[in-house]
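Structural overview
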Amino acid sequence: METSEASHQIIADLLAARTGQHLTESRRWRVNSALAGIFRDHGISNVDQLVCMLAAPRTGPESPDLSQEVVEALLNNETYFFRDKPTFDQLPHEILPELANRRAAVKRLSIWSAGCSTGQEVYSLAMLFSEQKERWRGWTIELLGTDVSHRAISAARSGLYSQFEVQRGLGVTQMLRHFDEAAPGWQIRENTRQMVNFRQHNVLGPHPGRQPFDLVLCRNVLLYFDRPTRTAAFDRLASAVMPDGFLMLGAGETVVGQTERFLPAPGRASFFEPLQTVREARHLRAG
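Residues numbered from 1 in each chain as written. Predicted model: local features only at pLDDT ≥ 70, side-chain atom pairs only at ≥ 80, totals over all residues. Heavy atoms only, no water.

**Some points on the packing of aromatic side chains**
The test is simple: Put simply, two rings from Phe, Tyr or Trp (the six-membered ring, in Trp's case) pair if the centres are within 6.5 Å, and we call them stacked under 30 degrees between planes, edge-to-face over 60, tilted for the rest. Relative accessible area decides the class of each residue, using a 1.4 Å probe on protein chains only: under 20% of the type maximum gives buried, over 50% gives exposed, and in between gives partly exposed.
Counted by the stated rule, this structure contains 11 aromatic pairs. Between F82 and F88, the ring centres sit 5.3 Å apart and the planes meet at 80°, which makes this aromatic pair edge-to-face. The burial state of F82 is the same as that of F88; both residues are buried. One aromatic cluster is present, built from ring pairs that chain together F81, Y123, Y161, F179 and F198.

Put into structure tokens, the structure is as follows:
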């Protein structure tokens, strides 16, 4: 193995160890472009030099964590407001009303966006609830967004987006209703931002709630895991979803052939139910 190949493998192993994501051969082409900023900031020109720097001990507790910089640079933080709108529109029209019926006695809903990146998905949920104030009056709505990237979570907490970012998925009316123009871009309004919480978290760890969630969104996160890691992630997600709750995956993702912990929700693209719920429903229909 040539040195450059060995160096790329070290970088891939670092990413897998920190996040569970696997840098497949088909994704390795983007390593140099993803790390270009680190090359520039540290005055180096290739992955071999970077690996040598990673092997060197840190000069002190206050010195930058280069390995974390590398991991952050390699993560894919692609997202936008109301992403995959035809799929997302099932939430206000079908999923949330059904959950409201199931939780009518307690008037509480908890929703977790796992792998929320820079926060657009969680704020999209907040906008849905904000625009239906009368429908949800008297309810406690808990919205949590998590991501393995510290940098992404910091951006999400700030609620500050560029003109390009707010135009992706938002109409002019929504933009003006929920954002104020700020010098570097657009700032989400405080009443919307107060509806959400963000936390750094790895989906492979124990779920971050006090109890399971009514709805978990984990879109386009599991794509980057190998088969054993994906199975482990589904096991974690199964423990994070209430027995009568829902899991939402990305438009191109499925549980079929991937896990036995969930089954597709009938007639609802990208939504899945814990196996326990499906078995109970079948039992009731049979009875």
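**Some details on the pairing of strand β1 (residues 108–114)**
Let me state the cut-off plainly: To qualify as a helix, a DSSP run of H or I must reach at least 4 residues; to qualify as a strand, a run of E must reach at least 2; elements of each kind are numbered from the N terminus. By definition, two strands form a pair when at least two bridges between them are found by DSSP. With strands facing away from the observer, any crossover in which the path from the first strand over the helix to the second runs clockwise is taken as right-handed.
Judged by how many residues are buried, β1 sits mostly within the fold: 6 of 7 residues are covered. As paired strands, β1 and strand β2 (residues 140–147) are joined by 7 bridges and run parallel to one another. By the bridge assignment for β2, R108 is matched with T140. Running through helix α8 (residues 120–130), the crossover from β1 to the neighbouring parallel element β2 is right-handed. Bridge analysis of β1 against strand β7 (residues 213–218) gives 3 bridges, and the strand direction is parallel. From the neighbouring strand, I111 faces β7, where its bridge partner is L215.

**A closer look at unusual backbone geometry**
Backbone geometry places D84, a non-glycine residue, at a positive phi of 55°. Tracing the backbone shows D84 in the loop between α5 (66–74) and α6 (85–88). Phi is positive for N220, close to 60°, though the residue is something other than glycine. In this structure, N220 sits in the loop between β7 and α13 (227–240). Judged by relative accessible area, N220 falls into the buried class, the value being 18%.

**What about the sheet that holds strand β4 (residues 179–182)?**
Spatially, the 3 strands line up as an open sheet ordered β3-β5-β4, and their pairing is antiparallel. Only two strands of the sheet have a single partner each, and these edge strands are β3 (160–161) and β4. With 4 bridges joining them, β4 and strand β5 (residues 185–188) adopt antiparallel strand pairing. Its bridge partner being in β5, F179 is matched across the sheet by I188.

**Brief notes about the environment of G252**
Along the chain, G252 falls in the loop between β8 (241–249) and β9 (262–264). Classification of G252 by relative accessible area gives exposed; the value is 71%. Each C-alpha atom, one on G252 and one on R219, is 9.1 Å from the other, the two residues being 33 residues apart in sequence.

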